[in-house]
Amino acid sequence: MNGLIFQDIHALAAGLRRKDFSALELVRAHIDRIRSCEDTISALITRTEELALSRAAAADARLAGGDAPLLCGIPFVLKDNICTEGIPTTCASRMLADYIPPYSATVYARLQAAGAVLLGKGNMDEFSMGSSTENSAFYPTRNPLDISRVPGGSSGGPAAAVAAYEVPFALGSDTGGSIRQPAAFCGLVGMKPTYGTVSRHGLVAFASSLDQIGPLTRTVQDNAAVLSCISAPDGRDATANRTFAAAKDLFSGDIRGISVGLLRFPGDAADPAIRAAVESVAAVLADRGAQVREVRLPALSDALPAYYILSSAEASANLARYDGVRYGARAEGAASPDELFCSTRSTYFGPEVRRRILLGTYALSAGHRDAFYLRAQSAARRIRAAFAEIFATCDCLLCPTTPTVAFPAGEKSDPVSMYRGDLFTVPASLAGIPALSLPCGTADGLPVAAQLMAAEGNDGLLYRLAAAIEEVRI
Amino acid sequence: MNFETVIGLEIHAELATKSKIFCSCRTDFGAPRNSQVCPVCLGHPGTLPRLNRKVVEYAAMAGLATGCRIAEFSRMDRKNYFYPDLPKAYQISQDAHPLCLDGGLTIDTEDGEKFVRVERIHIEEDAGKLIHAQGETLADYNRCGVPLIEVVTAPDMRSAAEARAFVSELRTTLRYLGVSDCRMQEGSLRCDVNISVRPAGSAKLGERTEIKNLNSFQFIEKAIEYESRRQADILTAGGTVRRETRRFDEQTGTTHTLREKETAADYRFFPEPDIPPLRLTPADIEALAARLPELPAARRKRYAALGFPPADVHILTEDRALSDYFDRALAAGQHPKITANLLLSEYLRLSEGESFVCPVAPERLAAVADLAGEGTVNASTAKKLAARLWEGDFDPAETVRREGLGQICDEAALLEGIRAVFCENAALISQIRAGKAAAVKALVGKCMGRFGGRAEPRLLNRLVEEELKK
């Protein structure tokens, strides 16, 4: 059964239906893998082996019945900021170390309804704030491709779990690149769908207007299948008003006539090897009939500061509820409510979370609001307008996902240098448009990734192009 | 020096929706503590608000009824502050783009009618309640997420009486709409008073204070009276009024500093990203306007035109159920004044509870009023019939016929009876003729008694007088 863990979702689904193996065997194989890998990788915060075994048995019964959904019996991991009723959901924070949600996120409910089997909750940067998973309050996660390096973040645990073959897919969340960047560092396909494609109900909020859940997989087709399963309008999330459904011919490889803009960033700081790999992707696309040209978007020069101001401002409100009163950690010995709030929050939030809360609070404060929050908002509007303009003449944009390959653990101790790594990913977040990262080569033996972006709602186009690129296996 | 008091109000009214503003929890008053809560209103991680459409409808109706313009685009904002009764540590409210703008209500004052401007009405969620007991503080989150509207007036009022009149008019209006119970004792209507004083004749506003959370008419008036005196005393003594938030002490009738404005929180408002902006089309707004009932001000004008005294007009319009009942009776009969008299004298006192409830069909009351109005029965029979209807339904005209309750107007028959009474009461007659005029009433009563109360009263009186003179 050892070979099982290396198969993709579609192959596993076929095997289950041919009765080559059972869902129970499939889940056991992955549990074994987790047991052998976790000491090294530390991708998971919580493991749900017992629950998984009973779910696997139920999946087998359903598969025997005939008309089981594609994901029935397929193991997966959720980032630990996605609420799972009865199962700890910590956001990798001491604040929520013992928090067990009284309800489940819509995405978890949809995956359960499809018969998929949860194997654990993935490690992350605390409250998704970080790009290396080193900000987890519990332990850092290692990159399975080179354990001296970070897996990226903030969805580093889910990415590492998929890259280490602990599971065939995982769900992460992306606010400014938190799915795409770890996908890039771990050699995976990572998708941030159009804002509103996946319900955020049950996703612990970081920056509500930017947060979006998406799949991390080893293949493009798997990624589209998982997104199809989790995407639907949701009455419990007023912003979830779109549905992604994979079109039949999405993976035909036919991309003739699609116009692709090779996006030159203002102050493009990508490593030469990454630039070269992305250019070779452009060449492949042109070769297969796409129309490729270079484009520039000067408005993007404000994207990074605008992102850090807006996301921190929203975070300062979203994380204010962790006050020690109703749930989560509580500091002892406080003499007044204000003291309780201060000591709880100072004690149980990590340094990066505290930094962002302070940054966001400052940006919204009277006297600073105009210079920071409102200015960042207008920069975001300009970026959205610039994308709208470019997508009037161009179907898709191509650029690197990250300026570097996975960096060594402990290398970036300066927060601003860490923030700079998000240069390529934050524009799509601010614009709410879909963006997909996929491997497009290697540099120094580590994966290099290309990012594709399209107009909002054009998620399918990204899969179509990504499938064509994947086929060539650069 | 003479001072003028300038008053603006911020009134919070709880909307009478069955469920909360952002979740489906119930909003019943007096439910066991923390029994009407869920992950959403407790602010659990990952939960999201869903705006209750009824809240928008109710708030827009309140806006229309107070003459406001309903914004086609409005937006929810987050108001950030830490307090143990506020689960998310922000209140979802409306800051820059409220739902309703620029209206007002006309109130009656000593100097006649006065228009008080409403600057805005916005929607927001209520917070929970802290209970301090035995050195512990406990929190009850039932109220969290209960929908509120906040009505903000311009500083247009000049006395406690005017402020009271505004709150009263607003309360009556909201009750007419059915959008709020406005029960002050239950906290479903609360009032913050912004108050300043200035030398009479001055055009410049003085420094103001804000008195928080007044929940009765009496407290509103007392707080204003105390606070305007306090500020006037400060100015008279050459001091300056500090801008601050004050609390009213119900026991002593005085106000005390709660916090100074300088140290007040910076709420760091920003647009609520979890709720898309509210967009109402002109057609939506027209549809809501079509649902508005005739408002108390219009009804008062109509009743006054019928010739009712102001006191009766006030009573008839204060409660919409009473007014609706009266209107149905008016539509069914010909005699508004008798109908109103019977309603106010016989039924109003029998109806228990906050709003008028009556087992008698309004058409029946109209029928009784018509019988009296056209002279078929006299006033005392009409009252008896009305009272009997409360006990059980019958057809008044038919009962009058069957039981012979009709008024006796036959002079000959009346005279015959009167003469018999005179014979039986010879002593009384001689007393009257000897000058004891006060006994006439008793004599008339005896005569009326002989006809079982059915004699036409004026005719009976005249005949008795004439007979006495003989």
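Residues numbered from 1 in each chain as written. Chains lettered and ligands numbered in written order. Predicted model: local features only at pLDDT ≥ 70, side-chain atom pairs only at ≥ 80, totals over all residues. Heavy atoms only, no water.

**Q** Account for the interface of chain B and chain A, with residues named and values stated.
**A** Residue-level contacts link 28 residues of chain B with 39 residues of chain A. In total, about 2,700 Å² of surface goes out of reach between chain B and chain A, with carbon and sulfur atoms giving 60% of it. Inspection of the region where chain B meets chain A yields one salt bridge. Across the pair Asp274 of chain B and Arg200 of chain A runs a salt bridge, and its minimum N-O distance is 3.0 Å. If you look at where chain B meets chain A, you find 15 residue pairs in polar contact (both at pLDDT 80 or more). Taken together, the elements giving at least two residues each to the side of chain B that touches chain A come down to β4 (77-80) and β15 (270-271) of chain B. (Contact = heavy atoms within 4.5 Å. Buried area = accessible area lost by both parts, 1.4 Å probe. Salt bridge = Lys/Arg side-chain N within 4 Å of Asp/Glu carboxyl O. Polar contact = N/O pair within 3.5 Å; in protein donor to acceptor, adjacent residues only side chain to side chain. Helix = DSSP H or I, 4+ residues; strand = E, 2+ residues; numbered from the N terminus.)

**Q** Would you mind going over the sheet that holds strand β10 (residues 147-153) of chain B in detail, with residue names and values included?
**A** Residue and element names in this part refer to chain B. One open sheet accounts for nine strands, arranged β2-β6-β7-β10-β1-β11-β12-β13-β14; its pairing is mixed. Every interior strand has two partners, whereas the edge strands, β2 (69-70) and β14 (254-260), have only one. With 11 bridges connecting them, strand β1 (residues 3-14) and strand β11 (residues 189-199) associate as antiparallel partners. Looking at the pairing, Ala13 lines up with Leu189 of β11. Together, β2, β6 (100-109), β7 (112-125) and β10 form the strand contacts of helix α1 (residues 53-65), whose direction differs from that of β7 by roughly 165°. Contacts from helix α2 (residues 160-177) reach β1, β6, β7, β10 and β11, with the element oriented near 120° to β6. (Pairing = 2+ DSSP bridges. Axes fitted to C-alpha atoms, helices over the stretch in contact; angles between N-to-C directions.)

**Q** I'd like a rundown of helix α3 (residues 217-236) of chain B, residues and numbers included.
**A** Residues and elements named next belong to chain B. The end-to-end C-alpha separation of α3 is 28 Å, in line with the 28 Å expected for 20 residues at 1.5 Å each. Considered for burial, the residues of α3 that qualify are Phe217, Phe219, Ile220, Ala223, Ile224, Glu227, Ser228, Arg230, Gln231 and Ala232. Each element contacted by the buried residues of α3 is listed here: β1, α2, β11, β12 (209-214), β13 (244-249) and β14. Of the residues trailing α3, Gly238 is marked for its positive phi of about 85°. (Expected span 1.5 Å × (residues − 1). Buried < 20%, exposed > 50% of the residue type's maximum accessible area, 1.4 Å probe, protein only.)

**Q** Explain the domain arrangement of chain B to me, using residue names and the numbers behind them.
**A** All names here are of chain B. Each assigned domain of chain B is listed here: domain 1 (3-284), domain 2 (294-403) and domain 3 (411-469). Distance from the C-alpha centre of domain 1 to the C-alpha centre of domain 2: 38 Å. Across the contact, eight residues belong to domain 1 and 12 residues belong to domain 2. Taken together, the two surfaces of domain 1 and domain 2 that pack against each other cover about 900 Å², and 48% of this comes from carbon and sulfur. The largest share of the area that domain 1 buries against domain 2 comes from Glu169, Thr172 and Tyr176, three residues that together contribute 62% of it. Applying the counting rule to domain 1 against domain 2 returns three salt bridges. (Domains from an automatic or database assignment.)

**Q** Tell me about the sheet that holds strand β5 (residues 90-93) of chain B, and name the residues and values.
**A** Taken together, the three strands give an open sheet; going across it, the order is β5-β4-β15 (chain B), and neighbouring strands pair in antiparallel fashion. In the strand order of this sheet, the two ends are held by β5 and β15 of chain B, each with one partner. One ladder, built from four bridges, connects β4 of chain B with β5 of chain B; its direction is antiparallel. Following the sheet pairing, Asp77 of chain B is matched in β5 of chain B by Ser93 of chain B. The strands touched by helix α9 (residues 303-318) of chain A within the sheet are β4, β5 and β15 of chain B, with β4 of chain B carrying the most contacts at an inclination of about 60°.

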